[in-house]
Amino acid sequence: MIRVVHLFKTLQEQLILDDINLEVPQGELLVILGESGAGKSVLLKHLIGLFKPDSGEVEINSQDITKLSEAELLKVRKKMGYLFQEGALYDFMNVFENLAFPLEEHTTFDDQTIAEKVQEALKTVDLAGVEGKYPSELSGGMRKRVALARALIMDAKILLCDEPTSGLDPIRSRDISDLIRSVSKRYNCTTVITSHDIDNSFRIADRLALLRSGQIIAIGTPAELKSSDNSFIREFFQS
Amino acid sequence: MRTFFDICFTSLQRVGEAIDFLVGVCREIVKGRIRIKEVVKQSYEQGLQSVIIIALTSFASGAVLALQGDVVLSRLGAKEYIAQLVALSLLREMSPVFTAIIFSAKAGARITAELGTMNVNDQILATRTLGVDPIEYLVVPRVIACFLVLPVLTIISEIVGILGGYFVGVYQSNIPGIFYINQTIHAIHYVDFFSGFLKVFFFAVLIGWICCYRGFMTKGGSLGVGKYTTEAVAYSIIFIIVSNTVLTKIILTLWG
Ligand SMILES: Nc1ncnc2c1ncn2[C@@H]1O[C@H](COP(=O)(O)OP(=O)(O)OP(=O)(O)O)[C@@H](O)[C@H]1O
Ligand SMILES: [Mg+2]
């Protein structure tokens, strides 16, 4: 479960997050929509402790992570998966090594088990057979899927995805959106996705939140938001 | 006036952050969080990358010392001291400083560019989201590798440099080979070797520190990587040369 309480953040004297309150129950898939620069990535980074807020709380499974030291945060993060906007795979490692890295770091599995887990993760994202390739040899969509596999490989119970579909063609966008939904539901992950891909978001989200100038101006199920009469919401969803 | 104080303040703040960074690195080392495999890999890459260019420049430096020594010492009627001139100049000053400078331009630039690229591509943040401390995983092995590799490169530089002097001494100044070698061996005292060699460890930490820190600070895409890398090398070279003067004074005062 994720709970955000009165979260404020200023960056370079600019208020980026302005009193965010949010609760995502275990197993729910929430999509945060918003224009470019609305503060989506900054909010998502607070959820995994990459940013410290000016004030407010971020609770992960009832533990306020804003009070934790970096060393304690590292432990909390082992249970979380984070998909970066650009994937952020290690470019000096091939796909296999990238996926094996978290397992080698945090588990005592032998090489055999690690290899099996990597194969399984690659199969989940429909990418069997690219183990030996380096990230620079993959297409953007493949890189994102490998990055998703890396985020999932530790059996994360919380999955955070920053714009999983940006920069992808419509078909790939749909595929990766569906993929995230299906893994999220299969492993009962609490999932938060940021996006400005309205169609896919409506299709896969349990709930949607609309972020504007650092505030959540609307939150609800796809049906609720579609029937909203707030003019900005209507405008945003029509575009 | 305000801007002047602002500049002073931000500079102080930056130095503070840089020192913080170094303290963080030292803390990991003291705790024994050292990845031997990574250290070996980094040492191998840093050493391999620099060894040929350092051998080449050292050979040339030794040779040019002997060439100049031939002229100057002949004037004083002391041509047989070329070997001493070459060996002592190399050991006390030239090899440590030259090696450190070349090392910072090769290995140091590589470190900043690597870490800087990782930083602008979010790979360092990603390391943290995977529950791994990037200081421990990425920085500590590189700093330790500098600390191990630079002294070795310095010794290689000293040996090759003396060889360069030997060639000029024997073939240009017609000094008998055996005599040249004897002179060299007798010239070198412990203090000559160590007064130069000790400084290298300081330079190694300096290079590792500055270049890793600049890599971690890199922002602004590929332009940023270029900018921060050249700055890291420039800072390293400036700090090596300036600190060398201070270190030399300290060592000479304490030790002669
Ligand atoms: N590290 C940072 N330092 C300073 N300002 C930042 C930093 N990161 C983001 N910002 C600022 O915060 C604001 C929100 O950025 P954010 O990246 O969260 O937007 P976003 O909603 O994710 O946009 P996009 O859809 O383009 O990814 C922007 O104005 C940006 O300039
Ligand atoms: Mg973003």
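Please refer to the structure placed before this passage.
A quick note: this is a predicted structure, and the numbers were derived from the prediction, not measured.

A. Main features of the overall build of chain A. Helices and strands together make up the secondary structure of chain A, namely nine helices and 10 strands. Taking the principal axes of its C-alpha atoms as reference, chain A extends roughly 55 × 40 × 30 Å. Across the 239 residues that make up chain A, the buried fraction comes to 53%. Within chain A, residue pairs in contact and separated by at least 24 positions form 66% of the contacts whose partners lie at least 6 positions apart. Carbon and sulfur atoms make up 47% of the accessible area of chain A, which totals about 10,700 Å².

B. Representation of the pairing of strand β8 (residues 190–195) of chain A. Residues and elements named next belong to chain A. Across the six residues of β8, six count as buried, placing the element largely inside the fold. Going residue by residue along β8, you find Thr190, Val192 and Thr194 tucked away on one face and Thr191, Ile193 and Ser195 tucked away on the opposite face as well. Relative to β8, strand β3 (residues 29–34) runs parallel, the two sharing five bridges. Looking at the pairing, valine 31 lines up with isoleucine 193 of β8. Pairing of strand β7 (residues 158–162) with β8 involves five bridges; the strand directions are parallel. The residue of β8 that forms the bridge with cysteine 161 is isoleucine 193.

C. The arrangement of the site of ligand 1 in detail. All names here are of chain A. Taken together, 15 residues lie around ligand 1, and Ser36, Gly37, Lys40, Ser41 and Glu163 are the ones closest in. Within the side chain of glutamate 163, an N or O atom sits 2.7 Å from an oxygen atom of ligand 1. When ligand 1 sits alone it has 630 Å² of accessible area, and the protein chains cover 67% of it. No other element matches helix α1 (residues 40–47), which puts three residues into the shell around ligand 1. Classifying every residue of the shell around ligand 1 gives five nonpolar, seven polar and three charged.

D. Quick peek at the interface of chain A and chain B. Listed as interface residues are 22 residues of chain A and, on the opposing side, 17 residues of chain B. Along the contact surface separating chain A from chain B lie two salt bridges. For glutamate 105 of chain A, the salt bridge is made with arginine 35 of chain B, and the minimal N-O distance between the two is 2.7 Å. Across the contact surface, chain A and chain B share seven residue pairs in polar contact (both at pLDDT 80 or more). Broken down by secondary-structure element, the contributors of at least two residues to the side of chain A that touches chain B are α2 (70–77), β6 (80–83) and α3 (95–106) of chain A.

E. Structural view of the state of the cysteines. All names here are of chain B. In the structure shown here, the tally under the stated rule is zero disulfides over all chains. Note on cysteine 146: no disulfide assigned, nearest cysteine sulfur contributed by cysteine 212 at a separation of 6.6 Å. For the unlinked cysteine cysteine 211, the closest cysteine sulfur is that of cysteine 146, found at 7.2 Å. By relative accessible area, cysteine 211 is classed as buried at 0%.

F. Geometry of the pairing of β6 of chain A. Residue and element names in this part refer to chain A. Covered by surrounding structure in β6 are Met80 and Tyr82 together with Gly81 and Leu83, the residues of both alternating faces. As paired strands, β6 and β7 are joined by four bridges and run parallel to one another. Its bridge partner being in β7, leucine 83 is matched across the sheet by cysteine 161.

G. Highlighting the environment of aspartate 111 of chain A. Residues and elements named next belong to chain A. Here aspartate 111 shows up in helix α4 (residues 111–124). Judged by relative accessible area, aspartate 111 falls into the exposed class, the value being 65%. For the pair aspartate 111 and alanine 100, spaced 11 residues apart in sequence, the C-alpha separation works out to 9.2 Å.

H. Quick look at the sheet that holds strand β9 (residues 207–212) of chain A. Residues and elements named next belong to chain A. Spatial strand order, β6-β7-β8-β3-β9-β10: six strands in an open sheet with mixed pairing. Unpaired on one side and paired on the other, β6 and β10 (215–220) mark the two borders of the sheet. Pairs of neighbouring strands in the sheet enclose a mean axial angle of 15°, with direction left out of account. The pairing of β9 with β10 spans five bridges and is classified as antiparallel.

I. Layout of unusual backbone geometry. Located in the positive-phi region is serine 62 of chain A, a residue other than glycine, with phi close to 70°. For serine 62 of chain A, the position within the fold is in the loop between β4 (55–60) and β5 (63–64). Look at serine 62 of chain A and you get exposed, because its relative accessible area is 60%. The backbone phi angle of asparagine 174 of chain B is positive, close to 55°, even though this residue is not glycine. Within the secondary structure layout, asparagine 174 of chain B lies in the loop between α5 (134–171) and α6 (177–187).

J. Quick look at the side chain of glutamine 46 of chain B. Residues and elements named next belong to chain B. On the secondary structure map, glutamine 46 appears in helix α2 (residues 36–75). Residue classification places glutamine 46 among the buried positions, given a relative accessible area of 1%. Apart from the residues lying within four places of it in its own chain, the contact partners of glutamine 46 are Phe103, Ala107, Ile111, Arg142, Ala145, Cys146 and Val149.

K. Just the packing of helix α3 (residues 82–120) of chain B against α6 of chain B, in detail. Residues and elements named next belong to chain B. Where α3 contacts α6, the axes come no closer than 8 Å and their chain directions differ by 45°. Put simply, α3 runs oblique to α6. Between α3 and α6 the crossing geometry is right-handed. Contacts between α3 and α6 pair Ile82, Ala83, Gln84, Val86, Ala87 and Leu88 from the former with Tyr180, Gln183, Thr184 and Ala187 from the latter. A class-by-class count of the residues in the contact of α3 with α6 yields seven nonpolar, three polar and no charged.

Criteria and cut-off values
- Residues numbered from 1 in each chain as written.
- Chains lettered and ligands numbered in written order.
- Predicted model: local features only at pLDDT ≥ 70, side-chain atom pairs only at ≥ 80, totals over all residues.
- Heavy atoms only, no water.
- Helix = DSSP H or I, 4+ residues; strand = E, 2+ residues; numbered from the N terminus.
- Buried < 20%, exposed > 50% of the residue type's maximum accessible area, 1.4 Å probe, protein only.
- Contact = heavy atoms within 4.5 Å.
- Areas by Shrake-Rupley, 256 points an atom, 1.4 Å probe, with all protein chains shown as cover.
- Pairing = 2+ DSSP bridges.
- Near = heavy atom within 4 Å.
- Polar contact = N/O pair within 3.5 Å; in protein donor to acceptor, adjacent residues only side chain to side chain.
- Nonpolar A, V, L, I, M, F, W, Y, C, P; charged D, E, K, R; others polar.
- Salt bridge = Lys/Arg side-chain N within 4 Å of Asp/Glu carboxyl O.
- Disulfide = S-S within 2.5 Å.
- Axes fitted to C-alpha atoms, helices over the stretch in contact; angles between N-to-C directions.
- Parallel < 35°, antiparallel > 145°, perpendicular 65-115°, else oblique.
- Left-handed = near helix turned anticlockwise from the far one by under 90°.

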